[in-house]
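Single-letter residue listing:
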Amino acid sequence: MGAHDKPMEFKPFGGVSAEDFLPLLNDETLRKHLIDHPFFDAAGVGAWMDEKRRIDAQPGCRVRAVLIDGALVGWCGLQPDEEGVEIAIVIARVGWGRGLAIFNEMLGWARSMGHQEVVFHLLDTRPPYRSLARRATRVKKATHSGHPFTTYYFRVQSGTRP
């Protein structure tokens, strides 16, 4: 069974421990694509998870741990953003080949929640993604928290997938 064939699960944060998230959130290959922030300790991961649970409880939002073949590989979420609703996908290297499947699942969540548009911000450490740009209604370069990002805008329509 190849990596793409292994079962993927989206689990509420209540079903995952801070101890499981700690090495993932401090992983260097993952951190290089995020805004620079201090390394997490157990208390910091707990506080971060509490904040993600608060976001998950908000109408129109959903935050989930991503497991592949039963192993925690990251998290994803529909979160509030100054431009509306943001798709966030933070996945360790072992799950990188599953990004499109995660993205499509999240668009389904957005559709079921009645969102019209979602944004996807990628730090400039990431290469431009032609496939995302082709599917996006627009692409914009901007600075958030002092860091350059590329933002992709996606229309959420009933019955369509980007």
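The structure under discussion appears in the preceding block.
Residues numbered from 1 in each chain as written. Predicted model: local features only at pLDDT ≥ 70, side-chain atom pairs only at ≥ 80, totals over all residues. Heavy atoms only, no water.

(A) Structural detail: the overall build of the protein. A count of helices and strands for the protein gives five helices and seven strands. Across the protein, helices and strands are ordered from the amino to the carboxyl terminus as β-α-α-α-β-β-β-α-β-α-β-β. Taking all 162 residues of the protein together, 41% fall into the buried category. Here the protein has roughly 8,700 Å² of accessible surface; of this, 52% comes from carbon and sulfur atoms. (Helix = DSSP H or I, 4+ residues; strand = E, 2+ residues; numbered from the N terminus. Buried < 20%, exposed > 50% of the residue type's maximum accessible area, 1.4 Å probe, protein only. Areas by Shrake-Rupley, 256 points an atom, 1.4 Å probe, with all protein chains shown as cover.)

(B) Quick look at the packing of aromatic side chains. Counting across every chain of the model gives seven aromatic pairs. Measuring from ring centre to ring centre gives 5.7 Å for Phe103 and Phe120, while their planes differ by 45 degrees; the resulting arrangement is tilted. With Phe103 in helix 4 (residues 99-112) and Phe120 in strand 5 (residues 117-123), the pair connects residues that are 17 residues apart, well separated along the chain. Judged on exposure class, the residue Phe103 and its partner Phe120 are both buried. Here Arg138 stacks its cationic end above the ring of Tyr153, 3.7 Å away from the centre of that ring. (Phe/Tyr/Trp six-rings, centres within 6.5 Å; stacked < 30°, edge-to-face > 60°. Lys NZ or Arg CZ within 6 Å of the ring centre and 35° of its normal.)

(C) Local environment of the side chain of Lys52. Tracing the sequence through the fold places Lys52 in helix 3 (residues 42-56). Put simply, Lys52 is tucked away with no salt bridge, and the nearest opposite charge, on Glu51, sits 6.7 Å away. A polar contact is formed between the side chain of Lys52 and the side chain of Gln79, at a distance of 2.6 Å. Residues contacting Lys52, with those up to four places away along its chain left out, are Phe13, Val63, Trp75 and Gln79. (Lys, Arg positive; Asp, Glu negative; His and termini not counted. Salt bridge = Lys/Arg side-chain N within 4 Å of Asp/Glu carboxyl O. Polar contact = N/O pair within 3.5 Å; in protein donor to acceptor, adjacent residues only side chain to side chain. Contact = heavy atoms within 4.5 Å.)

(D) Region of the structure containing the nonpolar core. Residues Ile87, Ile89, Val118 and Phe120 are the most contacted members of the largest nonpolar core, which totals 23 residues. Those elements that place two or more of their residues in this core are strand 2 (62-68), strand 3 (71-81), strand 4 (84-91), helix 4, strand 5 and strand 7 (147-155). With six residues, helix 4 is the largest single contributor of residues to this core. Core analysis: the second largest hydrophobic core is formed by 19 residues, Val16, Phe21, Met49 and Ala88 among them. (Core = buried A, V, L, I, M, F, W, Y, C linked by side-chain atoms within 4.5 Å.)

(E) Local environment of the environment of Val45. Tracing the sequence through the fold places Val45 in helix 3. Residue Val45 is classed as buried on the basis of its relative accessible area of 1%. It is 5.8 Å that separates the C-alpha atoms of Val45 and Ala18, two residues lying 27 residues apart in sequence. Those residues in contact with Val45 that lie beyond four places of it in its chain are Ala18, Phe21, Leu22, Leu25 and Phe40.

(F) Region of interest: the pairing of strand 4. Counting buried positions along strand 4 gives seven out of eight residues, so the element sits mostly inside the fold. Where strand 3 meets strand 4, eight bridges bridge the pair, whose relative direction is antiparallel. Of the residues in strand 4, the one forming a bridge with Gly74 is Ile91. Count of turn residues in the strand 3/strand 4 antiparallel hairpin: two residues. (Pairing = 2+ DSSP bridges.)

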